[in-house]
Amino acid sequence: MELLLLVLFAAALWGIIMLAGRLLPESYTAEVTETVQTSPGGLWAILVNHAQEKEWRHDLQEIERQVVDGGHAVWKEIRRDRTILTLKTVESVPQKRLVREIVGSDVYCGRHIYEIVPGVEEGSCRLTIRHEIAILKPFARFKFYVFSSKDAYLHRLMADIRQRVVFLKNEE
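This write-up is about the structure you can find in this document. (Residues numbered from 1 in each chain as written. Predicted model: local features only at pLDDT ≥ 70, side-chain atom pairs only at ≥ 80, totals over all residues. Heavy atoms only, no water.)

**Structural notes on the side chain of Arg57**
Checked against the element boundaries, Arg57 lands in the loop between helix 3 (53–56) and strand 2 (60–65). Of note is the side chain of Arg57, whose polar atom sits 3.0 Å from the side chain of Tyr153. For Arg57, the residues in contact, after removing those within four places along its chain, are Glu77, Arg79, Tyr153, Leu157 and Asp160. (Helix = DSSP H or I, 4+ residues; strand = E, 2+ residues; numbered from the N terminus. Polar contact = N/O pair within 3.5 Å; in protein donor to acceptor, adjacent residues only side chain to side chain. Contact = heavy atoms within 4.5 Å.)

As C-alpha cells, this is what we get:
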C-alpha cells in the first residue's frame with residue numbers, strides 16, 4: 001500500500017512539473033553588455049578561437065570541431081551540467097559581430113549573438129552578448145525557470161571573457 005501511494009505521489013508530482021513546464025514561456029531573450037579592456041581585434045581573437053574555449057570557460061567540459069556545414073564552422077559543446085549543444089557559426093563579421101545558431105537539438109534552439117563596438121577608452125571595447133533561446137521540452141523548461149536565471153549564464157560567460165583578457169595580457 002505504501003509503495004502504491006509513493007508511485008501515485010511521484011506520478012502526480014511528475015504531472016504537475018510537466019504541466020508547469022508547458023505553461024512557462026518557451027522562448028526567452030537575455031542580454032548583457034560590458035566594457036572589456038582589450039581592442040576589438042583582441043576580443044575577436046578570443047571569441048573565434050573555439051578550440052581553446054575549454055581553457056577559459058568555466059562551464060565547458062569538452063569542445064569538438066564537427067564537420068563543416070556548407071562553409072559554416074560547427075562546434076559541439078559538452079558542458080559541465082551535461083548539456084550538449086552543437087553551434088554553427090552563421091554570421092561572422094570580424095571584430096564586429098558573431099552569431100552562432102544551435103543546431104540538431106530536440107531540447108533547445110536559438111542563437112548566441114556577440115556584438116563588439118570600439119570603447120570610449122583607447123584599447124577597450126563594448127561587448128554585448130545576447131541569447132535568443134527556445135526551450136522545447138517542458139521538463140527542461142521547468143528546470144531552467146526554477147533552478148536558473150536568464151542572465152546568470154551570460155554574466156558568468158562575461159566574467160570568463162574578462163579573465164581570459166587579463167590572462168592573455170599577462171602572457172604578453
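Structure shown, so let's carry the discussion forward.
**What to know about the layout of surface pockets**
There is about 740 Å³ of room inside the largest pocket. Lining of the largest pocket is provided by 31 residues; of these, Arg79, Asp81, Thr83, Tyr108 and Phe144 occupy positions nearest its centre. Where the lining of the largest pocket is concerned, the elements lending two or more residues are strand 4 (84–93), strand 6 (108–118), strand 7 (125–135), helix 4 (138–147) and helix 5 (152–171). Classifying every residue of the lining of the largest pocket by side-chain character gives 14 nonpolar, 7 polar and 10 charged. (1 Å grid on protein atoms, 1.4 Å probe; cavity = no way out; pocket = protein on both sides within 12 Å on 5 of 7 lines; lining within 4 Å. Points joined across faces, edges and corners; volume = space filled by probe spheres on them. Nonpolar A, V, L, I, M, F, W, Y, C, P; charged D, E, K, R; others polar.)

**Digging into the nonpolar core**
The biggest cluster of nonpolar side chains holds 27 residues, and the ones touching the most others in it are Leu43, Leu47, Leu127, Ile129 and Ile161. Going through the elements one at a time, strand 1 (27–36), helix 2 (40–48), strand 4, strand 5 (97–103), strand 6, strand 7, helix 4 and helix 5 are the ones with two or more residues in this core. Excluding residues that lie within four positions of it along the chain, Leu47 makes contacts with Glu53, Leu98, Arg100, Tyr114, Ile116, Leu127 and Ile161. (Core = buried A, V, L, I, M, F, W, Y, C linked by side-chain atoms within 4.5 Å. Buried < 20%, exposed > 50% of the residue type's maximum accessible area, 1.4 Å probe, protein only.)

**Re the sheet that holds strand 6**
With antiparallel pairing, the 7 strands of this open sheet are ordered in space as 1-7-6-5-4-3-2. Strands with a single pairing partner mark the edges of an open sheet, and in this sheet they are strand 1 and strand 2. Strand after strand, the sheet turns through a mean of 20 degrees between neighbouring axes, direction not considered. Summarising the sheet, strand 2 and strand 3 (residues 74–79) pair through 5 bridges and their orientation is antiparallel. The residue of strand 3 that forms the bridge with Ile63 is Glu77. (Pairing = 2+ DSSP bridges. Axes fitted to C-alpha atoms, helices over the stretch in contact; angles between N-to-C directions.)

**Things to note about the packing of helix 2 against helix 5**
The contact between helix 2 and helix 5 brings their axes to 11 Å, and the two run at 115 degrees. One element, helix 2, and the other, helix 5, form an angle in the roughly perpendicular class. Of the two elements, helix 2 crosses helix 5, and the hand of that crossing is right-handed. Taking contact as the criterion, the partners of Leu43, Ile46 and Leu47 in helix 2 are, on helix 5, Ile161, Arg164, Val165 and Leu168. For the contact of helix 2 with helix 5, the class distribution of residues is 6 nonpolar, no polar and 1 charged. (Parallel < 35°, antiparallel > 145°, perpendicular 65-115°, else oblique. Left-handed = near helix turned anticlockwise from the far one by under 90°.)

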